[in-house]
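One-letter residues, chain by chain:
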Amino acid sequence: MGMDPMCAAVNRGKQIVNEIYQVGDNNALGSVFVKVEGTFPATPVPATPVEIDQTACIYRPRVVGARVGQVLRVKNSDNWLHNVHSDSAKRNSVNQSTPQAGMDVKLTLKDEEMLRIGCDVHRWMTAWVGIVSHPYFAVSEGKGGTFTIANVPAGKRTITAWHEAFGTLTKAVEVKDGQTVMVDFVYTQR
């Protein structure tokens, strides 16, 4: 934060933590993007944008999920220069500055991918958007590492968990109508 006097000032006296590793109770891991693999019948894309905020020189939240066709809104709550720069391997590219508080960048998401969003002014600012074409995804919460994916159609399914530092894990499950399936993912340090 000391690289920018504005970031240093807004965070003075605060303990800033590396949000890559959101470890909670019993080593539970937050900010894991979890999705069901496969093709599903079309469902309406939410009209509400998925939001990420540039606040106190940090992107919050760090990991979000969104649908293909949904709008990603990245807003600036800081009254100084940031920018929104995506590292897209597909058609989800943007590179636009937000020099004042209240400004935002809106991007209609076009393709499935794990999209990294960065700020070229403050290189430590990073966020991730898991983009899928269906509604069967979630992001694990930080304290308990739990997630819920509701209304998954019955059948044999593959569940994928992605974490920016630990990578991807997959598990096969069988979903039955009206029943809850518990899935645990365990990352091991290398």
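Report follows, based on the coordinates.

What counts and how
- Residues numbered from 1 in each chain as written.
- Predicted model: local features only at pLDDT ≥ 70, side-chain atom pairs only at ≥ 80, totals over all residues.
- Heavy atoms only, no water.
- Pairing = 2+ DSSP bridges.
- Helix = DSSP H or I, 4+ residues; strand = E, 2+ residues; numbered from the N terminus.
- Axes fitted to C-alpha atoms, helices over the stretch in contact; angles between N-to-C directions.
- Salt bridge = Lys/Arg side-chain N within 4 Å of Asp/Glu carboxyl O.
- Buried < 20%, exposed > 50% of the residue type's maximum accessible area, 1.4 Å probe, protein only.
- Phe/Tyr/Trp six-rings, centres within 6.5 Å; stacked < 30°, edge-to-face > 60°.
- Lys NZ or Arg CZ within 6 Å of the ring centre and 35° of its normal.
- Core = buried A, V, L, I, M, F, W, Y, C linked by side-chain atoms within 4.5 Å.
- Contact = heavy atoms within 4.5 Å.
- Disulfide = S-S within 2.5 Å.

Read across the open sheet, the 4 strands follow the order β3-β2-β5-β8; overall the sheet is mixed. For this open sheet the edge positions go to β3 (58-60) and β8 (104-108), each flanked by a neighbour on one side alone. Strand-to-strand twist across the sheet, computed as the mean angle between neighbouring axes with direction ignored, equals 20 degrees. Across 3 bridges, strand β2 (residues 50-55) lies against β3 in antiparallel orientation. Within β3, the position partnered with glutamine 54 by the bridge is tyrosine 59.

For the structure on display, the rule yields 9 salt bridges. Put simply, glutamate 37 and lysine 35 hold a salt bridge, and the shortest N to O gap is 3.9 Å. Residue glutamate 37 is classed as partly exposed on the basis of its relative accessible area of 30%. A salt bridge links aspartate 111 to arginine 91, with the shortest nitrogen-to-oxygen separation between them at 2.9 Å. Highlighted residues: aspartate 111 in the loop between β8 and β9 (113-118) and arginine 91 in the loop between β6 (82-87) and β7 (95-98), separated in sequence by 20 residues. A relative accessible area of 16% means that aspartate 111 is categorised as buried. Overall, the relative accessible area of 52% leaves arginine 91 in the exposed class. Members of the salt-bridge network, linked through shared partners, are Glu51, Arg73 and Asp104.

The description of an aromatic ring pair rests on the distance of the ring centres and on the angle between the ring planes. In the structure shown here, the tally under the stated rule is 5 aromatic pairs. Clustering of aromatic rings is evident, with ring pairs tying together Tyr21, Phe166 and Tyr187. Here the guanidinium or amino end of lysine 171 rests over the ring plane of phenylalanine 185, the centre of that ring lying 5.8 Å away.

Take the pairing of β2 next. As defined by bridge partners, β2 adjoins strand β5 (residues 71-76) across 5 bridges and the pair is classed as parallel. Across the sheet, the residue bridging to glutamine 54 is asparagine 76, located in β5. Taking the residues between adjacent antiparallel strands as the criterion, β2 and β3 are bridged by 2 residues, where alanine 56 takes a positive phi near 55 degrees.

Formed by 22 residues in total, the largest nonpolar core has its most connected members in Ile52, Tyr59, Leu72, Val84, Leu109, Ile117 and Val129. Only β2, β4 (63-67), β5, β8, β9 and β10 (126-132) provide two or more residues apiece to this core. At 3 residues, β10 tops the list of elements feeding residues into this core. Those residues within four positions of valine 84 in sequence are excluded, and the remaining contacts are Gln54, Tyr59, Val74, Val94, Asn95, Gln96, Thr98, Val105, Ile117 and Gly118.

The subject of this paragraph is the state of the cysteines. What makes a disulfide is a covalent bond joining the sulfur atoms belonging to two cysteines. Under the criterion given, the structure shown has 1 disulfide. With a sulfur-sulfur separation of 1.9 Å, cysteine 7 is cross-linked through a disulfide to cysteine 57. Looking along the S-S bond of the cysteine 7-cysteine 57 disulfide, the torsion reads about -80 degrees, which is the left-handed sense. One end of the pair, cysteine 7, is in helix α1 (residues 5-10); the other, cysteine 57, is in the loop between β2 and β3, and 50 residues separate them in sequence.

Moving on, we get to unusual backbone geometry. Peptide bonds are, in most cases, trans, and in most cases residues other than glycine have a negative phi. Here the residue pair arginine 60 and proline 61 is connected by a cis peptide bond, since its omega of -10 degrees sits within 30 degrees of zero. Even without a glycine there, the phi angle at asparagine 26 is positive, about 55 degrees.

It is worth stressing that arrangement in space is one thing and function is another; only the former is reported here.
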